[in-house]
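Residues per chain, in single letters:
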Amino acid sequence: MKINRIFAFAAILGAISFTSCKDDDSLPSGISLDPSSIQIYVGQTATLTPNFKGGSATPRWTSSDESVATVKGGYVSGIAAGTATITASVEGGISSTCSVTVSNVAA
């Protein structure tokens, strides 16, 4: 009974170690955003596409001013008139930006 617990514990530890290992060769060496600048209206949404060089990853998205534009999963939403910079970053300090200008809807 005790030996079965030891084997089960060792198997769990082995599975955890195996799944937590990363292959650094799959990380990108560069990233760019398409488009690199956008103009949208308040309430409008635009899509940014990350292009990776030498690998792939899931970028972390941030906005320099969430009162002007927000971003989630590459979808940028205009909140208020102004400008903001959207940044997509990945492991290793690699990032790219998109300049966003948000305008009020024309009357």
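This section reports on the structure supplied with the text.

Reading guide: rules and limits
Residues numbered from 1 in each chain as written. Predicted model: local features only at pLDDT ≥ 70, side-chain atom pairs only at ≥ 80, totals over all residues. Heavy atoms only, no water. Helix = DSSP H or I, 4+ residues; strand = E, 2+ residues; numbered from the N terminus. Contact = heavy atoms within 4.5 Å. Areas by Shrake-Rupley, 256 points an atom, 1.4 Å probe, with all protein chains shown as cover. Pairing = 2+ DSSP bridges. Axes fitted to C-alpha atoms, helices over the stretch in contact; angles between N-to-C directions. Buried < 20%, exposed > 50% of the residue type's maximum accessible area, 1.4 Å probe, protein only. Core = buried A, V, L, I, M, F, W, Y, C linked by side-chain atoms within 4.5 Å.

It is worth spelling out the overall build of the protein at this point. Counting its regular elements, the protein contains one helix and nine strands. Counting from the amino terminus, helix and strand elements in the protein follow one another as α-β-β-β-β-β-β-β-β-β. Counting contacts in the protein only where the partners sit at least 6 residues apart, residues at least 24 apart contribute 55% of the total. Summed over its atoms, the accessible surface of the protein is roughly 7,100 Å², and 55% of this surface lies on carbon and sulfur atoms.

If you trace the four strands from one edge of the open sheet to the other, you get E2-E9-E8-E5, paired in mixed fashion. Each of the sheet's edge strands pairs with one partner strand only, and the pair in question is strand E2 (37-41) and strand E5 (60-63). In this sheet, neighbouring strand axes are inclined to one another by 25° on average, regardless of whether the strands run parallel or antiparallel. Summarising the sheet, E2 and strand E9 (residues 94-103) pair through five bridges and their orientation is parallel. Looking at the pairing, Ser37 lines up with Ser99 of E9.

Another point: the environment of Thr97. Looking at the secondary structure, you find Thr97 in strand E9. Looking at Thr97, the relative accessible area reads 42%, which means it is partly exposed. Distance from Thr97 to Asp34, taken between C-alpha atoms, is 9.6 Å for residues 63 residues apart in sequence. With residues up to four places along the chain from it excluded, the contact list for Thr97 reads Leu33, Ser36, Thr85, Ile86 and Thr87.

Before going further, it helps to spend a moment on the nonpolar core. If you look at the biggest cluster of nonpolar residues, it comprises 19 residues, and the most contacted ones within it are Ile38, Leu48, Val76, Ile86 and Val100. Elements that contribute at least two residues to this core include exactly strand E1 (30-34), E2, strand E6 (69-72), strand E8 (82-90) and E9.

Here we come to unusual backbone geometry. Omega for the peptide link from Asp34 to Pro35 comes to 0°, which places this bond in the cis form. Mapped onto the fold, Pro35 is located in the loop between E1 and E2.

Structurally, Lys53 can be placed in strand E4 (residues 49-53). Under the relative-accessibility criterion, Lys53 is labelled exposed at 58%. Lys53 sits 25 residues away from Pro28 along the chain, and the two C-alpha atoms are 5.4 Å apart. In this view, Lys53 contacts Pro28, Ser29 and Gly30; residues no more than four positions away in its chain are not counted.

Taking strand neighbours across the sheet as the criterion, the three strands line up as E3-E7-E6 in an open arrangement whose pairing is antiparallel. Two strands lie at the open edges of the sheet, namely strand E3 (45-47) and E6, each paired on one side alone. Averaged over all neighbouring strand pairs, the angle between strand axes comes to 25°, with direction disregarded.

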